[in-house]
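Below are the chains, spelled out letter by letter.
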Amino acid sequence: MQISKRIVLPSPVPIRTRAGLIACVSALALFFSNATCSATLADTADSAQINAKTTPLTSTSDVRDCDHPSHQTILNKTSIQSDARAYWLNRDFIQWPGKDQKGTFALYASVSGKLRIQKGLPVSDADLRISTTAQAGALPTDIRQRYKFIGEGALLRHSLSAQTLANILTQQLILVQENERGEVIDFTYVQIAGVIDDLYQTATEETKLGVTVTASSADGSVRASTNFRLWAPTAQHVSACIYKTGASHANALLPMILDKRTGIWASAINKDASGSYYRYLVDVFVPGAGLIRNRVTDPYSISLTSDSRRSYVTDLQNAALKPAGWDQHKIPERVKNPTDMAIYELHVRDFSINDKTVHPAYRGKYLAFTEPASAGMRHLRALSEAGITDIHLLPIFDIATIPERHCISPNVSGGADSLRQQATINAQAGKDCFNWGYDPYHYNAPEGSYASNADDGATRILELRKMVMALHQAGLRVGMDVVYNHTAFAGQHPQSVLDRIVPGYYYRLNAQGEVEDSTCQPCGNTATENRMMAKLMSDSVRLWAREYKMDSFRFDLMGHQPRAVMEEIKAALQTDNGREIQLIGEGWNFGEVANGSRFIQASQLALNGSQIGTFSDRARDAIRGGGHGDNAAAIIQNKGYINGLLQAADASPALLNNTVQRSADMVRVGLAGSIANYVMQTADGQTKKLSEIAYNDQPAGYVSSPAEVVNYVENHDNHTLFDINAFRLPLTTSHEDRARVQILGLGLTTFSQGIAYFHAGSDILRSKSLDGNSYNSGDWFNRLDWTYQQNYFGTGLPPEKDNARFYSIMRPLLADQRIKPRPQDIAMSRDAFRDLLRIRSSSALFRLSSSADIQQRLRFFNTGPEQNPAVIAAHLNGEHLSPAHFKAVMYFFNVSKQEQRLIIREQQGRHFQLHPVHLMHGAGDQRIASEAHFVSESGSFILPALSVVCFVELN
């Protein structure tokens, strides 16, 4: 290492003198009479060596800074605006992709951010110059693997000690390429995640980030304390602002001390400060902005005041935060294997905002679930009794875009095909009370808009637990939809948290150092390949399971997470809770991490053997047709197996072999659980493994276990099944047949091997008035009617932003009363769906737990080039499987509008009869009991039009 002038680097520890300690104690005395300051007096000799020019400028904050109206103060603005094209790979190496080795390379540092750099001139106003040497030879294997995506370029090495390196990482740092005269050829900021991960490896072992409260013991052996711990290794100074309430001025400024080993700033109060609030003052250099004092909440906040202005101090084990019986209440033990799961995906606000049987103050809130006599809870209990095991809640962590105080509910009205409704909603979209919630703010805190009092940090904790307990008492496990792949905001936005504490670390950056946003524009993609972002995700999931008794998790865009991290989380949950907590997620392969470019992803094709489930689009697309992003023509023409493909083939016989039979094969892929090694006969007459069948550019069969596949035909994304059918079914389709087509779709999901997943309201023909993306469409387009009188089709043209290109098609559809279902159609669909669930629950044959069982017990009939493409026929062998409860099962899907007679010679002389559920009084599809039957002599099965029929052979 060469340094241009003799200087000792400063320590970022803020309190270096006795005067600092006195100031600390004085500030605390304003609020805590018995507080102690955890700062320690620094070595005097060390302090004396610090050159005044490199001493941090930011140790002058006082309690008044806590109440400044801005989210940040610029202490010293930088003049250098540059990208960040270089990567600090670990503590030893820096690589500058695309850069040749011409000239020399040096790092320049400035504590205050005053560097002046211009091409063609020497660098000025630097506190430090650190020489580097060009490095030949290979990088360590782990580093080369981690940074395989960055490309070749100048590889540089320095010889800084770990402590020196930690010090300069708190400063403005620019990597400069110079000529022999010391003039700048090029310069760039440096991406720092790699070096931080190397320097602070032990930080991942810390278990108590955030606030920790300890109460006094009865015998006095343990004194009460409140501890604050924030990981901020690049900060120059950190303090905690303390507030008695969520709205009061700060009472104290609590200095914090840096643990140089972990990068964690900490301080403690000898008092149980539960019920108070806090936020941090973090003085940190922000590339391109300068030295900034950020007023920021805790990324480990466990609760907050309204609109997330301040973090809440409490202990989640406090008895006052637990409903009566919380610790003792029983979690339903309904899921022995992941394939036992039948999930109902539900939004907290949707569930009750439209339910007049719920107390007005509880509508749209957590507490709506605590009213057992409400129409909504009666519906959920009926589903539970039929076979739904889990309620999966759309995000309930702290959400950035729902006002927690004074949100509005717009007064909406208009005709069936009117523009008025969407205009009203668009005008109020930023102020109303609705959003799906895929815009995280604080991962560990419950959302306040669902609480009866968002101002009180305790209320949301208590009421969320009451909701979970109420669902458990209804026999339903509770799952969370979690969104760790991005946050709503990054950078220095007022609602950014992570980037304002450790700039440039928590987010995945592109080659220019800009935050990637492939998962959500203009959100920021988090970098869970970085140690402390992975830890935050893991700690968060574990907290929700431990403190709120969550039973399963659905990971949004899980393919953007490393498989290794997901597997570590799964193992940790088992250890923490003594029970398996299932993980499922969206395994889509796209964006900057696609095809394993940065790490082995938790994506569809990369999770074999993990027992982590991914949503399968194979059968989904075959069943309903088309795909995401259909244009105006395709949304009608791309018909699926249940909603018009067969009828189109009647008009064009060439489609029969080229399209319909292949579509039927893809439906069978789903019914077989997408098991890669499952073998069946395909439409071309060949016998193939499912992995040998093409689905676009991927294998159709891709999992090694049915626990690794989630089957669905509708969820919150895209059009509901009823709405996509409205586009694709002929206008002359009867009300009854529309309901029957809905049941065909839900039945294919119900009988598919693997995990079954259903969107709330799909059982009652839910419509969003053709809205294809209702994430911010307000209550109006997201309503549910638990009285079963209507499904809200034809309640106005949906919001223009995502739907305008379809308006010319939508208008006549929405106005057509032939499409809108009647109450009796909704009731039929509701009851038929519950029958399907009962059938699934009646036998383990529908929920086989291994690929070997599926290969051994599931067989498809009516396959190959001579098949009747209108009928899917499957046989399940129950011999020597006691939970099967039947010797054998035959199930059928007839997607034709005509009765079908299917002869299966292998079943001649057998003794099949209708499943008992079909024969129950009040069965949903009354036709089956009277019209479906089996003729043993010929092996013939007679199937009503548009029907799902199950036959069983008794032991």
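Preceding block: the structure.
Treat the numbers as computed from the prediction; the structure is a model and nothing was measured. (Residues numbered from 1 in each chain as written. Predicted model: local features only at pLDDT ≥ 70, side-chain atom pairs only at ≥ 80, totals over all residues. Heavy atoms only, no water.)

Engineer: Describe in detail the overall build of the protein chain, supporting the description with residues and values.
Structural biologist: When helices and strands are tallied, the protein chain shows 22 helices and 43 strands. Against the 2.2 N^0.38 benchmark of 30 Å for 955 residues, the protein chain shows a C-alpha radius of gyration of 31 Å, consistent with a compact globule. In terms of principal-axis extent, the alpha carbons of the protein chain reach across some 100 × 65 × 55 Å. When contacts within the protein chain are restricted to residue pairs at least 6 apart in sequence, those whose partners lie at least 24 apart make up 75%. Put simply, the protein chain shows about 33600 Å² of open surface, and 50% of that area lies on carbon and sulfur atoms. Averaged over its 94 positive side-chain charges, the protein chain has a centre that lies 2 Å from the centre of its 94 negative ones. (Helix = DSSP H or I, 4+ residues; strand = E, 2+ residues; numbered from the N terminus. Rg over C-alpha atoms; globule rule 2.2 N^0.38 Å. Contact = heavy atoms within 4.5 Å. Areas by Shrake-Rupley, 256 points an atom, 1.4 Å probe, with all protein chains shown as cover. Lys, Arg positive; Asp, Glu negative; His and termini not counted. Charge placed at Lys NZ, Arg CZ, Asp CG, Glu CD.)

Engineer: Tell me what's going on with empty space enclosed by the protein, and back it up with residues and numbers.
Structural biologist: Applying the stated criterion across every chain, the model contains seven cavities of 30 Å³ or more. The calculated volume of the largest cavity comes to roughly 130 Å³. Around the largest cavity, the lining comprises 14 residues; the ones closest to its centre are Ile743, Ala832, Asp925, Ile928 and Val948. Of all the secondary structure elements, the ones that give two or more residues to the lining of the largest cavity are helix H17 (735–751), helix H20 (823–842), helix H22 (926–931) and strand E43 (947–953). The element contributing the most residues to the lining of the largest cavity is H20, with four residues. (1 Å grid on protein atoms, 1.4 Å probe; cavity = no way out; pocket = protein on both sides within 12 Å on 5 of 7 lines; lining within 4 Å. Points joined across faces, edges and corners; volume = space filled by probe spheres on them.)

Engineer: Let's hear about the sheet that holds strand E15 (residues 257–259): which residues, and what values?
Structural biologist: As summarised here, the arrangement of the four strands in space is E11-E12-E16-E15, forming an open sheet in which the pairing is antiparallel. Bordering the open sheet on either side are strand E11 (210–214) and E15, each of which pairs with just one other strand. Going across the sheet, the axis of each strand differs from the next one's by a mean of 25°, ignoring polarity. Taken together, the six bridges between strand E12 (residues 225–231) and strand E16 (residues 264–269) define a ladder with antiparallel strand orientation. The partner of Arg229 across the bridge, within E16, is Ala266. (Pairing = 2+ DSSP bridges. Axes fitted to C-alpha atoms, helices over the stretch in contact; angles between N-to-C directions.)

Engineer: Describe the side chain of Asp816, naming the residues involved and giving the relevant values.
Structural biologist: By secondary structure assignment, the location of Asp816 is in the loop between helix H19 (807–814) and H20. Since its relative accessible area comes to 12%, Asp816 is described here as buried. Sequence-distant contacts of Asp816, that is, excluding residues within four places in its chain, are made with Leu731 and Phe793. (Buried < 20%, exposed > 50% of the residue type's maximum accessible area, 1.4 Å probe, protein only.)

Engineer: Outline the pattern of salt bridges, listing residues and values.
Structural biologist: For the structure shown, the criterion picks out 50 salt bridges. Measuring nitrogen to oxygen at the nearest pair gives 3.8 Å for the salt bridge that ties Arg598 to Glu516. In this pair, Arg598 is assigned in the loop between strand E28 (582–585) and strand E29 (613–615) and Glu516 in the loop between strand E25 (486–487) and strand E26 (524–525), connecting sequence segments 82 residues apart. According to the relative accessible area criterion, Glu516 is buried, its value standing at 16%. The closest approach of N and O atoms between Asp816 and Arg818, which form a salt bridge, is 2.7 Å. A single network of salt bridges, built from pairs that share partners, joins Asp83, Arg85, Lys99, Lys119 and Asp186. (Salt bridge = Lys/Arg side-chain N within 4 Å of Asp/Glu carboxyl O.)

Engineer: So what about the packing of helix H10 (residues 531–548) against helix H11 (residues 563–577)? Which residues, and what values?
Structural biologist: Axis separation between H10 and H11 bottoms out at 10 Å; the angle between their running directions is 30°. The pairing of H10 with H11 is recorded here as roughly parallel in orientation. In this structure, H10 meets H11 at a crossing whose hand is right-handed. Only Val565, Met566, Ile569, Ala572, Leu573, Asp576 and Asn577 of H11 make contact with H10, whose side of the interface consists of Ala534, Met537, Ser538, Val541, Arg542, Ala545 and Arg546. (Parallel < 35°, antiparallel > 145°, perpendicular 65-115°, else oblique. Left-handed = near helix turned anticlockwise from the far one by under 90°.)

Engineer: So what's going on with H11? Residues and values would help.
Structural biologist: With 15 residues, H11 should cover 21 Å at 1.5 Å per step; its first-to-last C-alpha distance of 21 Å lies within 8% of that length. Listed in full, the buried residues belonging to H11 are Arg563, Val565, Met566, Ile569, Lys570, Ala572 and Leu573. Buried residues in H11 make contact with H10, strand E27 (552–555) and E28. Remark: Gly578 follows H11 within two positions and exhibits a positive phi of approximately 65°. (Expected span 1.5 Å × (residues − 1).)

Engineer: Explain the nonpolar core to me, and be specific about the residues and the numbers.
Structural biologist: Trp231, Leu380, Phe553, Tyr891 and Phe951 are the most contacted members of the largest nonpolar core, which totals 244 residues. Dropping the residues within four chain positions of it, Trp231 is found in contact with Ile196, Tyr200, Ala203, Leu209, Thr262, Gly263, Ile264, Ile501, Val502, Tyr505, Tyr506 and Met532. Residues Ile80, Ala106, Ile117 and Phe187 belong to the second largest nonpolar core, which totals 15 residues. (Core = buried A, V, L, I, M, F, W, Y, C linked by side-chain atoms within 4.5 Å.)

Engineer: Which residues make up the packing of helix H7 (residues 375–386) against H20, and what are the values?
Structural biologist: Between H7 and H20, whose axes approach to 8 Å, the crossing angle comes to 35°. Facing His379, Ala382, Leu383 and Ala386 of H7, the residues of H20 in contact are Phe833, Arg834, Leu837, Arg838 and Ser841. A class-by-class count of the residues in the contact of H7 with H20 yields five nonpolar, two polar and two charged. (Nonpolar A, V, L, I, M, F, W, Y, C, P; charged D, E, K, R; others polar.)

Engineer: Tell me about the environment of Ala215, and name the residues and values.
Structural biologist: Position of Ala215 among the secondary structure elements: in the loop between E11 and E12. In contact with Ala215, not counting residues within four places along its chain, are Val222, Arg223, Ala224 and Asp272.

Engineer: Give a description of the state of the cysteines that names residues and reports values.
Structural biologist: Within this structure, the stated rule accounts for three disulfides. Here Cys66 pairs with Cys241 through a disulfide, and the sulfurs are 2.0 Å apart. Looking along the S-S bond of the Cys66-Cys241 disulfide, the torsion reads about -85°, which is the left-handed sense. One end of the pair, Cys66, is in the loop between helix H2 (44–49) and strand E1 (72–77); the other, Cys241, is in strand E13 (residues 235–243), and 175 residues separate them in sequence. (Disulfide = S-S within 2.5 Å.)

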